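Observations on chain architecture
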Amino acid sequence: MTDSRKHDQANGAVETSLDSGNILSVSGLTKHFPVRGGIFLGQTGVVHAVDDVSFSIKKGETLGLVGESGCGKTTLGRCVMGLYPPTAGKVFLHGKNMALENSRQMKSMRLQMQMIFQDPFESLNARHTVGEILREKYIIHGKKRVGTDQEIKTLLERVGLSGDDIHRFPHEFSGGQRQRIGIARAISLNPRVVICDEPVSALDVSVQSQILNLMVTLQREMGLTYLFISHDLAVVKHVSDRIAVMYLGKIVEFTTARALYKHPYHPYTRALLSAIPLPDPLARKQRIILKGEVPSPETPPPGCRFHTRCPHVMDICSTKEPKLKPLKVQGSPHLTACHLYF
Amino acid sequence: MVNNRVCCSPETGAVFPLLQVDGLVTAFDTEKGCVNAVDGASFSMAPGTTLGIVGESGCGKSVTALSIMGLLPRPSGRIVSGHIVFDGKDLPTLSPKEMQAIRGRRMSMIFQEPMTALNPVQRIGSQINEIYAIHFPGMTKKQRTRGAVTMLSQVGIAEPSMVMNNYPHQLSGGMRQRVMIAMALASSPDILIADEPTTALDVTVQAQILELIKELQGKMGMSVMLITHDLGVIAENCDDAVVMYGGRVVERAGVKDLFKNPFHPYTKGLISSIPGLAEKPKSLLPTIKGRVPSLDKMPLGCRFSNRCPHVMDICHTTPPPETLVGVSRGHFASCYLPGESRD
């Protein structure tokens, strides 16, 4: 794909269909990872983890990013956070391009954007007490902000832990409690945007609902904006205002949570929704079973990336890549990338 | 097709159960002393049906399965008491040799993570061959290979003869789980125990695998024990369900009955805390307060007593008998709440 084409798509439909008041916008974000091999470890291929993704999030909104493993949702989250330098494309926070900022400015921007990680067992330093883990944030971001014990205790209580937990180590906590520590760390400096990468996937159902409630409550109280990444459609539906469905590094459908579940257009979204097992034995629904599995992102299929598994595949699908375009439907903007509709 | 789709309980005794677990207690030696991972579980399975065992991590559902299969890690794990009656034989009393004739032949098991369950340095073909070699010593090499190819194509693998020569790492997660199912069903067992068979898989692949298990169950007429933490999987795939908490069975019922009319506060809490597709976004979900205590710190009486919204004095002191409340035919809950005061 040439750079000019990328740019064209980046400035395409998504941007125009959304009104202003965006706190975070991403335009034409692309991340390729080189694959090295052979005797001299030369580059033998490229993993197209994220390919030309654009979206924006309004203040106080939750944008759900959903897709199966390998669709690039985690890479996208990390690129937005600035943990991976993007191959192409831009990330704007409050209208400022993050890539152009120097490292000091980057640090101050990080104050406004924080991340919650999936694995509460690996994202906390096992050798530090909870107090040390949380205080580190204040130290990194300048001495004026050094958190007192009292501040940290208040923070712990805010996320549903006890102030006395400040001297305990991560291994003394259960998975759900550790995720609460992760959330406390993310919100400690009053960020505007929190990127949540599968925050409840490692948790049991009864604990999962506690953490989701905590996140919803904190969002209301602090006016947070979430980019919520998950493979679980029921969870994403529960927390999101709008949802982007990703498949092999591309957004294939993008609309409000309600519209997506009520009337999905893209065949992949339809199959994904129909595959969720519902906790109701009397619910009768038509299940779409997809053939095969997600192809490797190293060699994504030409044309529409979903055409190898699509039940409605046409000739054009294997040659021409569909663009993400708004459908002519009533109500909220509904974008999809599928030749069936255009 | 599936025969005898009859819900059966030991109490009604309508159909002779294929497998009956009665008062199973399985203990593990840990650093903190001996703990009962399963503490008096009873349930039964009718031929040709699917029984779901559901619960959160640490509830003893996997240990129950390992106890049935005689696969408890030794020497730390052991069955302390209770009966597992399969085909008139009490499995814990069998000699290792007698057990070998049942395990893998009449009862098979598939595991959550197929990568760790398959041998990484052996080709798929020879791993399947091994099952025939052990359980059907009369078969020739040619028959074994033909059997393996047939099994692989039955589980929906497009090029079975190619996959036969592959190593597990060359296959995707869904393919590996298909290979595991092929291996488990190679001996056409009476019972397939599936321990979280789709937890490591994506939702579209999960749908494929569950569909495959259902289809093969219909073809071969076996019974399936589906162990999962996902109530949605239970609702869509099982005839009967057993809800476990802290090593005990808190409720068992036919699946429709269980979801329509859950009795135990834990079951109710579990069902209502799943984020549904129907409700309003960003609403607060009902939750179960607290968390599962570790096995060495379980409450004395009812193990759910420290989290239960309806806890009474008796709950703290005496564990409720497993079938204390008969909600309806074949539906039992282990709870002191009187049968009629359902909210």
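Residues numbered from 1 in each chain as written. Chains lettered and ligands numbered in written order. Predicted model: local features only at pLDDT ≥ 70, side-chain atom pairs only at ≥ 80, totals over all residues. Heavy atoms only, no water.

- Taking an unreviewed UniProt entry as the reference, chain B is identified by name as Peptide/nickel transport system ATP-binding protein belonging to Desulfocicer vacuolatum DSM 3385.
- Among the UniProt annotations of chain B, the heading Sequence similarities (unreviewed entry) holds the following wording: "Belongs to the ABC transporter superfamily."
- Word for word, the UniProt comment on chain B under Subcellular location (unreviewed entry) is "Cell inner membrane". (UniProt positions renumbered as here; feature names shortened; annotations may be inferred.)

- For the record of chain A, the UniProt heading Sequence similarities (unreviewed entry) holds the text "Belongs to the ABC transporter superfamily."

Some details on the overall build of chain B
- The helix and strand tally for chain B stands at 12 helices and 12 strands.
- Scaling as 2.2 N^0.38, a compact globule of 343 residues should have a C-alpha radius of gyration of about 20 Å, and chain B matches this with 21 Å.
- Each of the three principal axes of chain B carries a C-alpha extent, and together these read 65 × 50 × 45 Å.
- Within chain B, buried positions represent 54% of all 343 residues.
- Taking the contacts inside chain B whose residues are at least 6 apart along the sequence as the reference set, 65% of them involve residues at least 24 apart. (Helix = DSSP H or I, 4+ residues; strand = E, 2+ residues; numbered from the N terminus. Rg over C-alpha atoms; globule rule 2.2 N^0.38 Å. Buried < 20%, exposed > 50% of the residue type's maximum accessible area, 1.4 Å probe, protein only. Contact = heavy atoms within 4.5 Å.)

Brief notes about helix α5 (residues 141-154) of chain B
All names here are of chain B.
- For α5, which comprises 14 residues, the first-to-last C-alpha distance of 20 Å matches the rise-based estimate of 20 Å (1.5 Å per residue) to within 8%.
- Along α5, the residues that are buried comprise Arg-144, Gly-147, Ala-148, Met-151 and Leu-152. Taken down its axis, α5 places every buried residue within 130 degrees of arc, on the same side. Exposed positions of α5 whose direction lies more than 90 degrees from the buried face are Lys-142 and Arg-146.
- Packing partners of the buried residues in α5 comprise α4 (124-135), α6 (160-164) and α7 (173-185).
- Once α5 ends, the next one or two residues include Gly-156, with phi positive near 85 degrees. (Expected span 1.5 Å × (residues − 1). Arc of directions from axis to C-beta.)

Some points on the UniProt feature "domain: ABC transporter" (unreviewed entry) in chain B
- Summarizing the sequence annotation, UniProt attributes the feature "domain: ABC transporter" (unreviewed entry) to residues 19-271 of chain B in the numbering used throughout.
- The span residues 19-271 of chain B carries 40% helix and 28% strand; its end-to-end C-alpha distance comes to 27 Å.

Quick look at the sheet that holds strand β2 (residues 33-45) of chain B
Residues and elements named next belong to chain B.
- Overall, antiparallel pairing links the 4 strands, which are arranged β2-β1-β4-β5 in an open sheet. Here the strands that pair on one side only, and so sit at the sheet edges, are β2 and β5 (89-90).
- Across 10 bridges, the pairing between strand β1 (residues 19-30) and β2 is antiparallel. Opposite Leu-19, over in β2, you have Met-45 as the bridge partner.
- Its contacts with the sheet put helix α1 (residues 61-69) on β1, β2 and β4 (77-86), and the angle it makes with β1 is roughly 110 degrees. (Pairing = 2+ DSSP bridges. Axes fitted to C-alpha atoms, helices over the stretch in contact; angles between N-to-C directions.)

Quick look at the packing of α7(B) against helix α8 (residues 203-220) of chain B
Residues and elements named next belong to chain B.
- In the contact formed by α7 and α8, the axes pass within 10 Å of each other and the chain directions differ by 15 degrees. It follows that α7 is roughly parallel to α8 by the angle criterion. Judged by the twist between their axes, the crossing of α7 over α8 is right-handed. Along its contact with α7, which presents Gly-174, Gln-177, Arg-178, Ile-181 and Leu-185, the element α8 presents Val-205, Gln-208, Ile-209, Leu-212, Ile-213, Leu-216 and Met-220.
- Along the lines of polarity and charge, the residues of the contact of α7 with α8 split into 8 nonpolar, 3 polar and 1 charged. (Parallel < 35°, antiparallel > 145°, perpendicular 65-115°, else oblique. Left-handed = near helix turned anticlockwise from the far one by under 90°. Nonpolar A, V, L, I, M, F, W, Y, C, P; charged D, E, K, R; others polar.)

Structural notes on the pairing of strand β8 (residues 223-228) of chain B
Residues and elements named next belong to chain B.
- Counting buried positions along β8 yields 6 of 6 residues, so the element is predominantly enclosed.
- Alternating residues of β8 divide into Ser-223, Met-225 and Ile-227 and Val-224, Leu-226 and Thr-228, and every residue in both groups is buried.
- Inspection of the sheet shows strand β3 (residues 50-54) paired to β8 by 5 bridges, in the parallel sense. Bridge pairing links Leu-51 to Met-225 in β8.
- In the sheet, strand β7 (residues 191-195) pairs with β8 via 5 bridges, with the strands oriented parallel. Directly across from Ala-194, in β8, lies its bridge partner Leu-226.
- In this fold, the crossover linking β7 to β8 by way of α8 has right-handed handedness. (Right-handed = clockwise from strand over helix to strand, strands pointing away.)

Side note on the pattern of salt bridges
- For the coordinates displayed, the defined rule picks out 18 salt bridges over all chains.
- For Glu68(A), the salt bridge goes to Arg309(A), with nearest N and O atoms at 3.8 Å. With a gap of 241 residues between them, Glu68(A) in the loop between β3 (62-66) and α3 (73-81) and Arg309(A) in the loop between α11 (267-275) and β11 (325-326) connect regions that are remote in the sequence. Residues Glu68(A) and Arg309(A) agree in their burial class; the two are buried.
- A salt bridge links Arg287(A) to Glu236(B); the shortest N-O distance between them is 2.5 Å. Taken together, the residues Arg287(A) in the loop between α11 and β11 and Glu236(B) in helix α9 (residues 231-237) connect one chain to another. (Salt bridge = Lys/Arg side-chain N within 4 Å of Asp/Glu carboxyl O.)

Quick look at the domain arrangement of chain B
All names here are of chain B.
- Parsing chain B into structural domains produces domain 1 (19-106 + 187-275 + 285-333) and domain 2 (115-186).
- A straight line from the C-alpha centre of domain 1 to that of domain 2 covers 29 Å.
- Opposite the 19 residues of domain 1 that make contact, domain 2 presents 12 residues.
- Both faces combined, the contact of domain 1 with domain 2 buries some 1300 Å², and carbon together with sulfur accounts for 68% of it.
- Of all residues in domain 1, Ser-187, Leu-212 and Leu-216 give up the largest surface area on contact with domain 2, accounting jointly for 34% of the area buried on that side.
- Here domain 1 and domain 2 share 0 salt bridges between them.
- Run the count over domain 1 and domain 2 and you get 5 residue pairs in polar contact (both at pLDDT 80 or more). (Domains from an automatic or database assignment. Buried area = accessible area lost by both parts, 1.4 Å probe. Polar contact = N/O pair within 3.5 Å; in protein donor to acceptor, adjacent residues only side chain to side chain.)

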